[in-house]
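Examination of the molecular architecture
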Amino acid sequence: AQSVTQLGSHVSVSEGALVLLRCNYSSSVPPYLFWYVQYPNQGLQLLLKYTSAATLVKGINGFEAEFKKSETSFHLTKPSAHMSDAAEYFCAVSDRSGSARQLTFGSGTQLTVLP
Amino acid sequence: DSGVTQTPKHLITATGQRVTLRCSPRSGDLSVYWYQQSLDQGLQFLIQYYNGEERAKGNILERFSAQQFPDLHSELNLSSLELGDSALYFCASSARTASSGNTIYFGEGSWLTVV
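Residues numbered from 1 in each chain as written. Chains lettered and ligands numbered in written order. Predicted model: local features only at pLDDT ≥ 70, side-chain atom pairs only at ≥ 80, totals over all residues. Heavy atoms only, no water.

1. Considerations on the state of the cysteines
Residues and elements named next belong to chain B. Put simply, the test is: Note on terminology: pairs of cysteine sulfur atoms within 2.5 Å are recorded as disulfides. Helix and strand definitions here come from DSSP, where helices need a minimum of 4 consecutive H or I residues and strands a minimum of 2 consecutive E residues; each element is numbered from the N-terminal end. Three labels apply to residues, based on accessible area from a 1.4 Å probe with only protein chains included: buried if under 20% of the type maximum, exposed if over 50%, partly exposed otherwise in between.
For the structure shown, the criterion picks out 2 disulfides over all chains. Each disulfide pairs two cysteine sulfurs, and for Cys23 the partner residue is Cys91, the sulfurs being separated by 1.8 Å. Across the S-S bond linking Cys23 and Cys91, the dihedral sits near -60 degrees, which makes this disulfide left-handed. Within this pair, whereas Cys23 is found in strand S3 (residues 19–24), its partner Cys91 is found in strand S9 (residues 87–94), the two being separated by 68 residues in sequence. Cys91 carries the same exposure label as Cys23, and that label is buried.

Structure, rendered in C-alpha cells:
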C-alpha cells in the first residue's frame, strides 16, 4: 500500500525566505502525487499534482514541487514566503494501479511565516 | 470555491445520537469521497462511491454508513455517536477516480462535535 511521510510537523520561515516542505512517498510503482493546502477553518485546496508528465510541477500561488524517483521524494518549495502562505500543507499519494482509488494523506506540515 | 457543497457546516449533538451529513459534488463529477479529519488521526479516508456504487472502503466504522443517490449527492450517516467521533468530515469529488490522476476537489467540511 502506498503512503507518504511529511518530515516536520511545524516549519517556520521569515517572510521573503525560501519555503521547503518535505514529502517522501512509499509505493511499489510511481504514484500520482499531490500537495494540498488547508487555511484555517477551510477545506483542502489543491496546490499542484504530479501525474508523470514533467518532473518539476508548478502550482498555484508560486509553489512548485519536484518529483525525484531516486529519492522517492516530492518536496514542495516556494522561493519567497508571504504572510498569506501560513497554513497547513498536506502531501498525498494515489496508486496508479486502479486498485486504490482514494488519496492517502501525510500527517501535514503547519507553516508559520514570521514578519 | 471548489464546487463541492457540504451541509451542515457545524453540528453539535449528544452521545448516542445519529446524524446525517450531506454532500453535493461538483457538477458532472461521478466520484464522491468521504474523509474524517481529527487531531489524533489526521486525514483518514472513509469511503468512496462512483456513480451510485460503493468503490472503496477505508477506515470507516460499522456505526457509519454512506450512500450516493441517483442525482449523485451523497450522505454520510453516523450513528451511536461517541465523543471520539468529534471531527471535521470532508466530502470530496472527482470526475472519475483518483487512480486516473484526476484532481479530487474538497468541500469545506462539516464540523461535528459530540458532547
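Having put the structure on the table, let's press on.
2. Details of the pattern of salt bridges
Pairing between side chains becomes possible if they bear opposite charge and their charged atoms approach one another. Residues and elements named next belong to chain A. Formally: In the sections that follow, a salt bridge refers to a side-chain nitrogen of Lys or Arg positioned within 4 Å of a carboxyl oxygen of Asp or Glu.
Under the counting rule described, the total for this entry stands at 5 salt bridges over all chains. Among the salt bridges present, the one from Lys58 reaches Glu64, with a minimum N-O distance of 2.8 Å. According to the relative accessible area criterion, Glu64 is partly exposed, its value standing at 23%. When the shortest N-O distance is used, the salt bridge between Asp85 and Lys78 registers 2.8 Å. Lys78 matches Asp85 in its accessibility class, with the two residues each being buried.

3. Observations concerning the sheet that holds strand S7 (residues 64–68) of chain B
Residue and element names in this part refer to chain B. What counts is decided by this rule: DSSP-based pairing: two strands are paired if at least 2 bridges between them are found. Axes, fitted as lines to C-alpha atoms, cover a helix only where it is in contact. Angles between the N-to-C directions of the axes lie from 0 to 180 degrees.
Spatially, S1-S3-S8-S7 is the arrangement adopted by the 4 strands of the open sheet, whose pairing is antiparallel. In this open sheet, the two edge strands, each paired with only one partner strand, are strand S1 (5–7) and S7. The average undirected angle you get between the axes of adjacent strands in this sheet is 15 degrees. Across 5 bridges, S7 lies against strand S8 (residues 74–78) in antiparallel orientation.

4. Thoughts on the environment of His10(B)
Turning to its location among the elements, His10(B) is positioned in strand S2 (residues 10–13). Residue His10(B) is classed as exposed on the basis of its relative accessible area, which comes to 61%.

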